[in-house]
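Chains, contacts and geometry: an overview
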Amino acid sequence: MYGAIIVRNDVIVSTGYCGAPRGRQNCCDMGYCLREKMKIPRGERYELCRSVHSEANAIIAAPRELMLGAAMYQACIDVSTGELGVNIDSCQMCKKLIINAGIESVVFRNTLTKYRVAAVADWVTDDDSLGKIGY
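Notes on the structure in this doc start here.

Taken together, the six bridges between strand S1 (residues 2–8) and strand S3 (residues 71–76) define a ladder with antiparallel strand orientation. Across the sheet, Val7 pairs through a bridge with Ala71, a residue of S3.

As structure tokens, this is what we get:
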């Protein structure tokens, strides 16, 4: 259960949650996750994920001019444990969306009191998608 909030100048621009597209059933409603059923490791093959990620939903709902220079805040509750998700990060697809939206930083909630801030400019210069290609 992921959530994202886009904030600029202390004003909430948009919010997003992780869930199936409008009108489709969520994995929890169907009783299974396709990626888990196929034993796909975390961080891989997100094109097979039934959900629209929280980052994408927040970006879809916001005008770009209000996202320029904004911060995105993210938190997660682990469905299997009900505990706050730790060491969360955006997938490669969402990182690309965040970069193109013009968002300046992403704040990940790691514990109840600790946060990690990622400068989106670093995602541009340190393109970690290249290391996964294997060329």
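So that's the structure; there's more coming.
Before going further, it helps to examine the side chain of Ser105. One can find Ser105 in strand S4 (residues 105–109). If we skip the residues at most four places from it in the chain, Ser105 touches Ala70, Ala71, Met72, Val117, Ala118 and Val120.

This part is about unusual backbone geometry. For Asn9, which is not glycine, the phi torsion reads 55° and is therefore positive. A positive phi angle, close to 55°, is found at Asn87, a residue other than glycine. Mapped onto the elements, Asn87 comes out in the loop between S3 and helix H5 (92–101). By relative accessible area, Asn87 is classed as exposed at 65%.

Now for the sheet that holds strand S5 (residues 115–119). Ordered in space as S2-S1-S3-S4-S5, the five strands form an open sheet in which the pairing is mixed. In this open sheet, the two strands that pair with only one neighbour each are strand S2 (11–17) and S5. Taken over all neighbouring pairs, the strand axes of this sheet differ in orientation by 20° on average, direction set aside. Sheet topology places S1 next to S2; six bridges connect them, and they run antiparallel. Paired with Ala4 across the two strands is Gly16, which belongs to S2.

Next up on the list: the side chain of Ser54. Its location among the elements puts Ser54 in helix H3 (residues 54–60). With residues up to four places along the chain from it excluded, the contact list for Ser54 reads Tyr2, Gly3, Ala4, Gly16, Tyr17, Cys18 and Gln74.

In this section: the state of the cysteines. In protein structure, a disulfide is the covalent linkage between the sulfur atoms of two cysteines. Within the structure shown, the criterion is met by zero disulfides. Here Cys28 stays free of any disulfide, with the sulfur of Cys27 as its closest cysteine sulfur at 7.5 Å. Overall, Cys28 belongs to the exposed group, its relative accessible area being 67%. Free cysteine Cys76: the closest other cysteine sulfur is in Cys18, separated by 8.7 Å.

Together, Met1, Ile77 and Val79 make up an exposed nonpolar region whose accessible area comes to about 300 Å². Mapped onto the secondary structure, Met1 falls in the segment before S1.

With that settled, the discussion passes to the environment of Cys76. Examined against the element boundaries, Cys76 turns out to sit in strand S3. A relative accessible area of 7% means that Cys76 is categorised as buried. C-alpha separation for the pair Cys76 and Arg116, spaced 40 residues apart in sequence, amounts to 13 Å. Residue contacts for Cys76: discarding those within four places in its chain leaves Met1, Tyr2, Glu83, Leu84, Gly85 and Ile88.

Counting buried residues along S4, four of its five residues qualify, which places the element largely inside the surrounding structure. In this structure, S3 lies alongside S4, joined through four bridges in parallel fashion. Across the sheet, residue Ala71 finds its bridge partner in S4, namely Ser105. Note on the crossover from S3 through H5 to S4: the handedness is right-handed. Here S4 folds back onto S5 in antiparallel fashion, the turn holding five residues.

So, how was this worked out
- Residues numbered from 1 in each chain as written.
- Predicted model: local features only at pLDDT ≥ 70, side-chain atom pairs only at ≥ 80, totals over all residues.
- Heavy atoms only, no water.
- Pairing = 2+ DSSP bridges.
- Helix = DSSP H or I, 4+ residues; strand = E, 2+ residues; numbered from the N terminus.
- Contact = heavy atoms within 4.5 Å.
- Buried < 20%, exposed > 50% of the residue type's maximum accessible area, 1.4 Å probe, protein only.
- Axes fitted to C-alpha atoms, helices over the stretch in contact; angles between N-to-C directions.
- Disulfide = S-S within 2.5 Å.
- Patch = residues over 30% accessible without salt bridge, like charges linked within 9 Å, V, L, I, M, F, W, Y side chains within 5 Å.
- Areas by Shrake-Rupley, 256 points an atom, 1.4 Å probe, with all protein chains shown as cover.
- Salt bridge = Lys/Arg side-chain N within 4 Å of Asp/Glu carboxyl O.
- Right-handed = clockwise from strand over helix to strand, strands pointing away.

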